[in-house]
Amino acid sequence: MRILQRYVTGSYLTAFILGELVLTFVLSIGLLVKAAELVVRGLDPALIAKFLLVSLPQSLTFTVPLAALVSALLVFGRLSADNEMSAMKACGVNLWQVMLPVAGFGVLMSLLSIYINSEISPQSHYARRSLSATAASGAGLKLLQPGIFIQDFPGMTFWFARREDNELFNLLIFDKSRDSKNREIRAERALVEVRGDDILLDMHNVRIEPFSDTHPGAVTADRLTHVIPDAMKPRVYKPTVSSYRRGDLKAMIGELEAEAAALDSDETMLPAERDLVRVDLRKRVSAARTELHRRMALGFSPLVFILLGMPLGIRSSRRESTVGIAISMAVMVLYYSLLIVTKSVAKRPEFHPHLLAWLPTVVCGILATVLIRRNR
């Protein structure tokens, strides 16, 4: 029995390591392409390398569960296709005993995933967003790309069709810097210049609508200078619930609940104002609690996926590795789709989203239990 366990476990570990390396590389391709483009545009390569480095822990949140599932499907599918599973059954071997070491490895991977999701990934998220804010404010004109809506500057969204050095063509600006009222500015071309923390746009053949509150209609001009204030000013990323570690999230929930409990004793607030504040606090508590439970549920996914992948691999009984990959992708798409739905209602406490976060894991766990019992 120990020989069989070592044989199956060794095959699984080899497949898992290779799968983890391949999946991490695949998920990093998009970042590498983007990084190469930014280097060409003149952004500091050291900053880009740091951005790629801090992004790796977050990728482990997805690659570890997927590698666990793919490896289980491929290894046990191959054992079944080669009739090795049938030979074990004919010799009276309990298949669960063969699966047990692999399941134990799944427990270790789940503990590792819980730690990554609770402690490392939030720090990675904060570092990545902080670097993005620093790059957006420090890189200035190097990040401006034609054909996309640019929202990196405060109170302003703009788009342009073509660029030659510091000259932009067919410029379209949505300016909300004046009391959040949207002004549409169009220019045939504009020369961009940086002065201190501001960006100046020397525009030609300009059309503005509306020009001002006193002049609501459109105004045209042959030439006009438009200033984007503080566009180059260093920015600071404001942390969200995704950036807080487990202990910080628990502390936040406690503080918000205490603040909500203190509302009833606050006689300075009007009843309507108190109700609005209470609703806002409930939404923030719900979002924090949902994030906490989502990380824990996602942490158990490697174990659940291994338990699900082993009987699915046996039942597939096909030599083609594409079958196992197709099954794993279908399971992962369903699993993460349910998690995305849960996250979308995180601020709707009436739906109990912190409990819904466990639904994908529980469903996969029940399905794995049923399939294992049928294959014993």
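The shown structure was predicted, so the numbers you read here are calculated from the model rather than taken from an experiment.

Student: I tried to follow the overall build of the protein chain on my own but got confused; where do I start?
Tutor: A tally of helices and strands in the protein chain yields 10 helices and seven strands. For the protein chain, long-range pairs separated by at least 24 residues make up 66% of all intrachain contacts whose partners lie at least 6 apart in sequence. Just so you have it, the protein chain exposes about 20200 Å², and 61% of that area is on carbon and sulfur atoms.

Student: Quick question: what am I supposed to make of the pattern of salt bridges here?
Tutor: Pairing between side chains becomes possible if they bear opposite charge and their charged atoms approach one another. Under the defined criterion, the tally for this structure stands at 12 salt bridges. Here R245 ties to D248 by a salt bridge, and the two come within 3.9 Å at their closest N and O atoms. The exposure class assigned to D248 is partly exposed, which follows from its relative accessible area of 37%. A salt bridge links R294 to E291; the nearest nitrogen and oxygen atoms lie 3.1 Å apart.

Student: I keep staring at the nonpolar core and nothing clicks. Help me out?
Tutor: A general feature of soluble globular proteins is that nonpolar side chains tend to end up buried together. The biggest cluster of nonpolar side chains holds 40 residues, and the ones touching the most others in it are Y12, F16 and F76. The element contributing the most residues to this core is helix α2 (residues 45–81), with 11 residues. Filtering out sequence-adjacent residues up to four positions away, F76 remains in contact with V8, M85, M99, V102, M310, G313 and I314. If you look at the next biggest cluster of nonpolar residues, it comprises 18 residues, including I150, M156, I208 and I228.

Student: I keep staring at the packing of aromatic side chains and nothing clicks. Help me out?
Tutor: Each aromatic ring pair is specified by the distance between its two centres and by the angle formed by the two planes. The full count for this structure, using the stated rule, is eight aromatic pairs. Measuring from centroid to centroid gives 5.8 Å for Y12 and F105, while their planes differ by 70 degrees, and the two rings are edge-to-face. Taken together, the residues span a long stretch of sequence, with Y12 in helix α1 (residues 2–40) and F105 in helix α4 (residues 95–139) at a distance of 93 residues. On the basis of relative accessibility, which here comes to 1%, the residue Y12 falls in the buried class. The class of F105 is buried, set by a relative accessible area of 16%. Where Y335 meets Y336, the ring centres are 5.4 Å apart and the plane angle is 85 degrees; that geometry is what we call edge-to-face. When sorted by exposure, Y335 lands in the same class as Y336, which is buried. The ring centre of F169 lies 4.0 Å from the NZ or CZ of R162, which sits over that ring.

Student: What's the story with the side chain of S118 in this structure? I'm lost.
Tutor: By secondary structure assignment, the location of S118 is in helix α4. Its relative accessible area of 6% is what places S118 among the buried residues. If we ignore the near neighbours within four places in the chain, the residues touching S118 are R245, R246 and R295.

Student: Teacher, can you tell me more about unusual backbone geometry here?
Tutor: Excluding glycine, a negative phi dihedral is what most residues carry, and trans is how most peptide bonds are arranged. In this structure, N170 is a non-glycine residue whose phi angle is positive, near 55 degrees. With respect to the helices and strands, the residue N170 is situated in strand β4 (residues 167–178). At N205, a position not held by glycine, the phi torsion is positive, near 55 degrees. Topologically, N205 is positioned in strand β6 (residues 198–209). On the basis of relative accessibility, which here comes to 42%, the residue N205 falls in the partly exposed class.

Student: Looking at this model, I keep getting lost on the packing of helix α5 (residues 246–261) against helix α6 (residues 271–299). Mind explaining?
Tutor: To describe two helices that pack against each other, one gives the angle between their axes and the distance between the axes. In contact at an axis separation of 9 Å, α5 and α6 are set at 155 degrees when each is read in the N-to-C sense. If you check the angle between α5 and α6, you find them roughly antiparallel. Crossing of α5 against α6: the hand is left-handed. Seen from α5, the contacting residues are R246, L249, K250, M252, I253, L256, E257, E259 and A260; seen from α6, they are L281, R284, V285, A288, R289, E291, L292, R295 and M296.

Student: Could you clarify how one ought to interpret a nonpolar patch on the surface in this entry?
Tutor: Together, V22, F25, V26 and I29 make up an exposed nonpolar region whose accessible area comes to about 370 Å². Summarising the element assignment, F25 is placed in helix α1.

Cut-offs applied
Residues numbered from 1 in each chain as written. Predicted model: local features only at pLDDT ≥ 70, side-chain atom pairs only at ≥ 80, totals over all residues. Heavy atoms only, no water. Helix = DSSP H or I, 4+ residues; strand = E, 2+ residues; numbered from the N terminus. Contact = heavy atoms within 4.5 Å. Areas by Shrake-Rupley, 256 points an atom, 1.4 Å probe, with all protein chains shown as cover. Salt bridge = Lys/Arg side-chain N within 4 Å of Asp/Glu carboxyl O. Buried < 20%, exposed > 50% of the residue type's maximum accessible area, 1.4 Å probe, protein only. Core = buried A, V, L, I, M, F, W, Y, C linked by side-chain atoms within 4.5 Å. Phe/Tyr/Trp six-rings, centres within 6.5 Å; stacked < 30°, edge-to-face > 60°. Lys NZ or Arg CZ within 6 Å of the ring centre and 35° of its normal. Axes fitted to C-alpha atoms, helices over the stretch in contact; angles between N-to-C directions. Parallel < 35°, antiparallel > 145°, perpendicular 65-115°, else oblique. Left-handed = near helix turned anticlockwise from the far one by under 90°. Patch = residues over 30% accessible without salt bridge, like charges linked within 9 Å, V, L, I, M, F, W, Y side chains within 5 Å.

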